[in-house]
Amino acid sequence: MGLISDGDKKVIREKFFSKLTNPVKLIVFVGKDNCQYCEQLKQLVQELSELSDLVSYEIHDFDTEKELAEKYRIDRAPAVVITQNGKDLGVRYFGLPAGHEFGAFLEDIVDVSNGKTDLMPDTKETLKSIDKDVRIYVFVTPTCPYCPMAVRMAHKFAIENALAGKNKILGDMIEAIEYPDLADRYNVMAVPKVVIRVNGEDRVEFEGAYPEKIFLEKLLEALE
């Protein structure tokens, strides 16, 4: 039985995949840990690839393909990197993009394919100049209606920085239930919870889906 209903497939084709311009490749890493939903993850990307000639996927073993994981800056699995035909723009999902996150996943595919976001011009200009290693963790759960807003903001920031040739920002959706160790480490009591790390150091944490301007202010605060 498929994960995506026939009705949803029609919506995905018409509302999302009709907007694709460049090929998108979904790079999936699975491993022996945190993998209770790995089969669903593999099935999901397969079903999505069947809805457009511009969407393809690869499945890799995180435990044995370390060199490839390092290339895509993946340090745990399961994970999905949404790439523009293999080009990493910093958009990553750690865990199954289920529930409310599925819509964000589809929107990210569109943005990566088209190589653009709807961020304000001033925000884009600021993001172009960032050349420190930034990693934005966004902890989510599938039932959280506000989480996709935070995930999308982190991913848009990563995309714009990558398009400027920097590729220094990583946006990580982290499914808190699938990664309880990370959720415990960052004391995730409510979602979305955002942690901004700079050069490997935790700098700023906050809860909630902040609007673009405030999210950018938090990023700049972390960079100071």
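By convention here, each chain's residues receive numbers from 1 onward along its written sequence. Owing to the predicted nature of the model, reporting of local features is limited to residues with pLDDT of at least 70; listing and counting of side-chain atom pairs is limited to 80 or more, with chain, interface and lining totals taken over all residues. Note that the side-chain values use all heavy atoms of the structure and ignore hydrogens as well as water.

Structural notes on the overall build of the protein chain
Working step 1: Secondary structure is summarised from DSSP: a helix means a run of H or I of at least four residues, a strand means a run of E of at least two, and numbering begins at the N terminus for each. Scanning the protein chain from N- to C-terminus turns up eight helices and eight strands.
Working step 2: For 224 residues, the compact-globule estimate of 2.2 N^0.38 gives 17 Å, and the C-alpha radius of gyration of the protein chain, at 16 Å, lies within 12% of that figure.
Working step 3: Accessibility here uses a 1.4 Å probe with only protein chains present; expressed as a share of the type maximum, an area under 20% marks a residue as buried, one over 50% as exposed, and anything in between as partly exposed. For the protein chain, the proportion of its 224 residues judged to be buried stands at 51%.
Working step 4: The contact criterion used throughout is that any non-hydrogen atoms of two residues lie within 4.5 Å. Residue pairs in contact within the protein chain that sit at least 24 positions apart in sequence constitute 73% of those at least 6 positions apart.
Working step 5: Surface exposure of the protein chain reaches about 10,100 Å², of which carbon and sulfur atoms provide 48%.
Working step 6: Only four residue types enter the tally: Lys and Arg on the positive side, Asp and Glu on the negative side, with His and both chain ends excluded. Charged groups are reduced to one reference atom each: NZ for lysine, CZ for arginine, CG for aspartic acid, CD for glutamic acid. Charge-centre separation for the protein chain: the mean point of 29 positive side chains lies 4 Å from the mean point of 39 negative side chains. As a reference, a globule follows 2.2 Å times the number of residues to the power 0.38, and the radius of gyration itself is taken over C-alpha atoms. Each accessible area value is a Shrake-Rupley result obtained with a 1.4 Å probe; residue values ignore everything except the protein chains displayed when judging cover.

Considerations on the side chain of H60
Working step 1: Following the sequence through the fold, H60 ends up in strand β2 (residues 55–61).
Working step 2: If near-sequence neighbours (up to four positions away) are discounted, H60 is found in contact with I27, V28, F29, V30, E65 and L68.

Let's talk about unusual backbone geometry
Working step 1: Note that the residue after A77, namely P78, is joined by a cis bond; omega there is 10°.
Working step 2: Relative to the elements of secondary structure, P78 occurs in the loop between α3 (66–71) and β3 (79–84).
Working step 3: With an omega dihedral of 0°, the bond running from V191 to P192 counts as a cis peptide bond.
Working step 4: Secondary-structure assignment places P192 in the loop between α7 (180–185) and β7 (193–198).
Working step 5: For N85, which is not a glycine, the phi torsion comes out positive at approximately 55°.
Working step 6: For N85, the location among the structural elements is in the loop between β3 and β4 (87–94).
Working step 7: Residue classification places N85 among the partly exposed positions, given a relative accessible area of 49%.

A word on the sheet that holds β7
Working step 1: The pairing criterion is simple: DSSP has to find at least two bridges between the two strands. One open sheet holds the eight strands; their spatial order is β2-β1-β3-β4-β6-β5-β7-β8, and the pairing between them is mixed. Each edge of the open sheet is held by one strand with a lone partner, namely β2 and β8 (201–207). When strand polarity is set aside, the average angle formed by the axes of neighbouring strands in this sheet is 20°.
Working step 2: Sheet topology note: the strand β1 (residues 24–30)/β2 ladder contains seven bridges and is parallel. Considered in β2, the bridge of I27 is made with E58. Each axis is a line fitted through C-alpha atoms, and for a helix only the stretch in contact is used; angles between axes span 0 to 180 degrees, taken between their N-to-C directions.

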